[in-house]
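Commentary on secondary and tertiary structure
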Amino acid sequence: MVESVKLSRILDGFRAAETARNHRPAGIVSPWSEGELEKFVWSDILGAEIAPMTRKEAMSVPAVAAARHRIVQLADRPLRALKGNTEVTSAHAWLYRTDTQQTPWERMAQTLDDWIFYGESLWIVARNADNTIGDAVRFPYERWDRDPAGRIEIDGEVADERAYLYLRAPFDGLLNVAGETIRAAKSLERAWAARVRNPIPTVIIEEREDGTVTKKEAKTYVEATTKAMRSPDGAVLFAPAKVNMRLEGDAGTDVLENARNAVRIDLANFLNLNASALDGAKPQASLTYETQETETQELQDRLAFWTAPLEARLSMDDVVPRGQRVRFDFAHDTPAQTGTPTED
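A brief structural summary.

Calculation criteria
Every residue gets a number counted from 1 within its own chain, in the order that chain's sequence is written. For this predicted model, a pLDDT threshold of at least 70 governs which residues receive local features, and a threshold of 80 or more governs which side-chain atom pairs are given and counted, while totals over whole chains, interfaces and linings are taken from all residues. Calculated side-chain values reflect all of the structure's heavy atoms, with hydrogen atoms and water omitted. The rule is short: rings of Phe, Tyr and Trp, with Trp giving its six-membered ring, pair when the centres are within 6.5 Å, and they are stacked under 30 degrees, edge-to-face over 60, tilted in between. Helix and strand definitions here come from DSSP, where helices need a minimum of 4 consecutive H or I residues and strands a minimum of 2 consecutive E residues; each element is numbered from the N-terminal end. Between buried and exposed lies partly exposed: a residue is buried under 20% and exposed over 50% of the maximum accessible area for its type, with that area taken using a 1.4 Å probe on protein chains only. We call two strands paired when DSSP finds no fewer than two bridges between them. Among buried residues, the Ala, Val, Leu, Ile, Met, Phe, Trp, Tyr and Cys ones that are joined through side-chain atoms within 4.5 Å form a nonpolar core. The contact criterion used is simple: two residues touch if any of their non-hydrogen atoms lie within 4.5 Å.

**With respect to the packing of aromatic side chains**
Given two aromatic rings, one states the distance between the centres and the angle between the planes to describe the pair. Scanning all chains against the criterion turns up seven aromatic pairs. Between the aromatic rings of Phe171 and Trp306, the centroid separation amounts to 5.9 Å while the plane-to-plane angle is 85 degrees, which identifies the pairing as edge-to-face. Taken as a pair, Phe171 in the loop between strand 8 (164–168) and helix 6 (174–177) and Trp306 in helix 10 (residues 289–314) lie far apart in primary sequence, 135 residues in all. For Phe171, a relative accessible area of 13% puts it in the buried group. Since its relative accessible area comes to 0%, Trp306 is described here as buried.

**Brief notes about the sheet that holds strand 1 (residues 79–83)**
The strand order across the open sheet built from three strands is 2-1-11, with neighbouring strands paired in antiparallel fashion. The sheet terminates laterally at strand 2 (86–87) and strand 11 (324–328), the two strands that pair on one side only. Bridge count between strand 1 and strand 2: two bridges; the pairing is antiparallel. Each residue of the ladder has a partner; that of Lys83, found in strand 2, is Thr86.

**Looking at the nonpolar core**
Buried together is how nonpolar side chains tend to be arranged in soluble globular proteins. One finds Ile71, Leu122, Leu174, Ile182, Leu271, Trp306 and Leu314 to be the most contacted residues of the largest nonpolar core, which totals 63 residues. The element contributing the most residues to this core is helix 5 (residues 104–117), with six residues. In this structure, Ile182 is in contact with Met53, Ala58, Val61, Val64, Leu174 and Leu267, ignoring residues within four places of it in sequence.

Read these as layout, nothing more, since geometry by itself doesn't imply function.
What follows is the structure, given as structure tokens:
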């Protein structure tokens with residue numbers, strides 16, 4: 001069994017992530033890892049449709065990025081320890097500071113990021129002589145795993161239960177349950193980009209009489225038409241008497257826009273967010289104080305989906321003494337706390 005992790009080992013392990021072994025399926029790599037881990041080209045082995053989805057791919061979808069950014073804002077809120085109605089945060093310095101290069105904000109942001117994409121996260125903790133927590137850092141996702149018995153393995157070794165906190169998310173993670181939706185979103189982005197490059201409907205050049213246009217002439221007409229269609233000044237074409245030009249179909253932007261909105265709603269449902277929270281822009285009618293106040297309240301209510309399980313885990317007896325609990329501080333008049341309220 002791995003002995004309880006000391007502060008020095010936490011720091012060493014955090015810095016050594018670059019050379020760590022990878023115990024996760026290739027491609028399932030935390031964005032917070034600085035190392036380039038070995039990757040298999042899964043699309044060549046399994047096919048693109050069933051290859052494991054990666055976080056990098058998912059984050060290339062604007063709606064995924066917007067949802068992730070909204071949830072990770074929770075890292076701005078400080079953690080407080082309470083005993084009854086009395087705050088006892090000062091007795092648990094790890095809630096607002098660490099002895100490593102990882103700040104409390106980074107710890108929480110990386111934990112929420114793990115939850116969003118993978119559905120689980122791990123903190124390494126250093127304990128004092130009385131078994132209370134002295135420090136805690138989020139551990140790189142690719143460096144730990146669970147064996148068939150459900151035990152946590154760190155760098156391939158079964159870890160002492162006192163050396164970590166296993167944090168299970170309220171759902172299984174986007175990469176595990178939303179792969180098809182994310183792939184559809186990426187396909188839409190490609191279709192949207194293609195339409196932007198060629199916003200004019202397809203142009204078909206037809207001979208007026210069969211055999212009057214040579215292959216060389218046809219190629220010249222096609223190239224000239226393509227260049228004109230992509231001109232920033234608009235497509236102005238000259239059609240020789242030998243040919244007719246006609247437009248086939250329309251731009252289809254409404255269909256693409258509706259599909260992108262549908263994807264945004266689906267992703268919001270996966271993450272238990274209001275779809276309006278992922279909107280890049282709103283109509284003027286929605287920019288009233290009443291609407292903003294309502295949306296803010298709805299968003300806070302739904303974010304409890306993310307905060308409640310984390311608060312419950314951090315309030316267990318292996319984290320704080322029995323009778324105490326940990327909560328996010330959402331008080332508007334609470335100043336940001338990045339250091340200890342007393343001297344270090």
